[in-house]
Amino acid sequence: MFDKNKHKIYVLAPASANYEHSQSIFAEIGQYFEERGLKYIINADMLSEDCLPFYANHIAKRIELLNQAMNDPDVRIIWALCGGYGSAELFPALEDISK
């Protein structure tokens, strides 16, 4: 069960994302959650400009952030910014992430 006073939403970019507009997108997402009284996490280094336009970041970083999201006891929702081909690269890592 999600308790908005305790639990968090982890915003993740498992595949690609729009780096050029990321700051405004992050601000809009933050405003959306804040208006609803929700706690959230948006990792500042989720996106890497040198991986675009096809990936939000290097595979190791995307796995690291997914691992953080899945192992944080207060995270109950993982919100994907954008799915796509790069998301499939995370499937093998799911077997290694313990919860």
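This structure is a prediction, so every number in the text was calculated from the model and none was measured. (Residues numbered from 1 in each chain as written. Predicted model: local features only at pLDDT ≥ 70, side-chain atom pairs only at ≥ 80, totals over all residues. Heavy atoms only, no water.)

Caption draft 1: Expanded view of the sheet that holds strand E3 (residues 75-80). Reading across from one edge, E2-E1-E3 is the order of the three strands in this open sheet, with parallel pairing throughout. Strands with a single pairing partner mark the edges of an open sheet, and in this sheet they are strand E2 (39-42) and E3. The mean angle between the axes of side-by-side strands here comes to 25°, regardless of whether they run parallel or antiparallel. One ladder, built from five bridges, connects strand E1 (residues 8-12) with E3; its direction is parallel. Bridge pairing in E3 links Ile9 to Ile77. Of the strands in this sheet, E1, E2 and E3 touch helix H1 (residues 22-35), which is tilted by about 165° from E2. (Pairing = 2+ DSSP bridges. Helix = DSSP H or I, 4+ residues; strand = E, 2+ residues; numbered from the N terminus. Axes fitted to C-alpha atoms, helices over the stretch in contact; angles between N-to-C directions. Contact = heavy atoms within 4.5 Å.)

Caption draft 2: Here's a closer look at the packing of aromatic side chains. Across all of its chains, the model carries four aromatic pairs by this definition. Between the aromatic rings of Phe33 and Trp79, the centroid separation amounts to 5.0 Å while the plane-to-plane angle is 85°, which identifies the pairing as edge-to-face. Taken as a pair, Phe33 in helix H1 and Trp79 in strand E3 lie far apart in primary sequence, 46 residues in all. Judged by relative accessible area, Phe33 falls into the buried class, the value being 1%. Take Trp79: its relative accessible area is 35%, and that puts it in the partly exposed class. A cation sits over an aromatic face here: Arg36 above Tyr32, 3.6 Å from the ring centre. (Phe/Tyr/Trp six-rings, centres within 6.5 Å; stacked < 30°, edge-to-face > 60°. Buried < 20%, exposed > 50% of the residue type's maximum accessible area, 1.4 Å probe, protein only. Lys NZ or Arg CZ within 6 Å of the ring centre and 35° of its normal.)

Caption draft 3: Structural detail: the pattern of salt bridges. A complete count under the given rule lists four salt bridges for this structure. Arg36 is paired through a salt bridge with Glu35; the nearest N and O atoms lie 3.6 Å apart. We classify Glu35 as exposed; its relative accessible area is 56%. Residue Glu64 is joined to Lys61 by a salt bridge in which the shortest nitrogen-to-oxygen separation is 3.3 Å. (Salt bridge = Lys/Arg side-chain N within 4 Å of Asp/Glu carboxyl O.)

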